[in-house]
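Understanding the architecture of this molecule
Read off the chains here:
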Amino acid sequence: MNAYEKARREFDRDRGNVAVKALRANRMEALLLEDKEEARQYLVNAIDREKTVAFGDSLTLREVGIFQALEERGQKVVNPFRIPGQDDIEAMYEVFNCYYYLTGSNAVTLDGKILCVDAIGNRVAPMFFGPKEVFIVAGVNKLVDNLEDGRRRIKEFAAPVNARRLGKGTPCTTLPKCADCSHETRICNVEVILHKKPRFTKVTVLLINESLGL
Ligand code: SF4
């Protein structure tokens, strides 16, 4: 690791620790892990192998490799996004009856809030109602100062890049920015903020000291 990489890791770790403290003050569980291997192992250990696990569509979770790790040990999983580009509506409803829900986040604020934007809403609704335990996994690249910065991150970067990745045909796939469109395939229809722990749901935020997902 060169001097830049070392300094960057230290800087990101410090920011991550600020967010962890704030998330805990907002009554969510939170911890900072050094890399995706550590995160995968943490989840494998924390999840009861007898209980059902559902997944939200998340590039970060794919990079962590948790789908395969759980399936390989025989865990019952519900994954509406198993086949990319195909919406498995029945599985989306099944998610609400699972014990665990694993997903990513578009932004985590340094004052301890989770910000997500979604097209259908199925990826964000189980974060606050339905499954008993929710794990939100995010790289330190998702850290932002506050909600305003988070929304900017989504509109100026995450959503336009994601729309391009998914071939949505929205204005942001040709403009290098958001046009606040009304396109039928708009991916920014629902915004969810976890300000504090939802009453019936245990939420654990795993921050990873790496750049992961969008
Ligand atoms: S609102 Fe429309 S233009 Fe803006 S990021 Fe979302 S899909 Fe793209």
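This text gives an overview of the structure that appears in the document. The residue count restarts for each chain, going from 1 along the sequence in the order it is written. Note on the predicted model: pLDDT of at least 70 is required for a residue's local features to be given, and 80 or more for side-chain atom pairs to be given and counted; whole-chain, interface and lining totals, by contrast, use all residues.

A look at the nonpolar core
- What makes a nonpolar core is a set of buried Ala, Val, Leu, Ile, Met, Phe, Trp, Tyr and Cys residues, with links drawn between C-beta atoms within 7 Å. Note on burial: count the other C-beta atoms lying within 10 Å of the residue's C-beta; 20 or more is buried, 12 or fewer is exposed, in between is partly exposed, and C-beta positions come from the backbone. Within the largest apolar cluster, 57 residues are counted, with the highest numbers of intra-cluster contacts made by Leu102, Ile136, Val137, Ala159, Val205 and Leu207.
- Contacts here follow a simple rule: the backbone-placed C-beta atoms of the two residues must lie within 7 Å. With near-sequence residues (within four places) excluded, Val205 lies in contact with Leu23, Met28, Ala30, Val108, Ile114 and Ile136.

Here we look at the pairing of strand S10 (residues 202-208)
- Burial runs high along S10: 5 of the 7 residues are buried.
- For two strands to be treated as a pair, DSSP must find at least two bridges joining them. Going along the chain from the N terminus, every DSSP run of H or I of four or more residues is numbered as a helix, and every run of E of two or more is numbered as a strand. In terms of strand pairing, strand S1 (residues 29-33) meets S10 through 5 bridges, oriented parallel. Each residue of the ladder has a partner; that of Glu29, found in S10, is Thr204.
- In this sheet, S10 lies alongside strand S7 (residues 133-139) in parallel orientation, the contact comprising 7 bridges. In the strand pairing of S10, Val134 is matched with Val203.

Looking at the sheet that holds S10
- The strand order S1-S10-S7-S4-S2-S3 describes an open sheet built from 6 strands, whose pairing is parallel. Both edges of this open sheet fall to S1 and strand S3 (77-78), since each of them pairs with a single strand only.
- Note on definitions: angles span 0 to 180 degrees between N-to-C directions of axes, and those axes are lines fitted to C-alpha atoms, for helices only across the stretch in contact. Along the sheet face, helix H2 (residues 36-46) touches S1, S7 and S10 and points at about 155° away from the line of S10.

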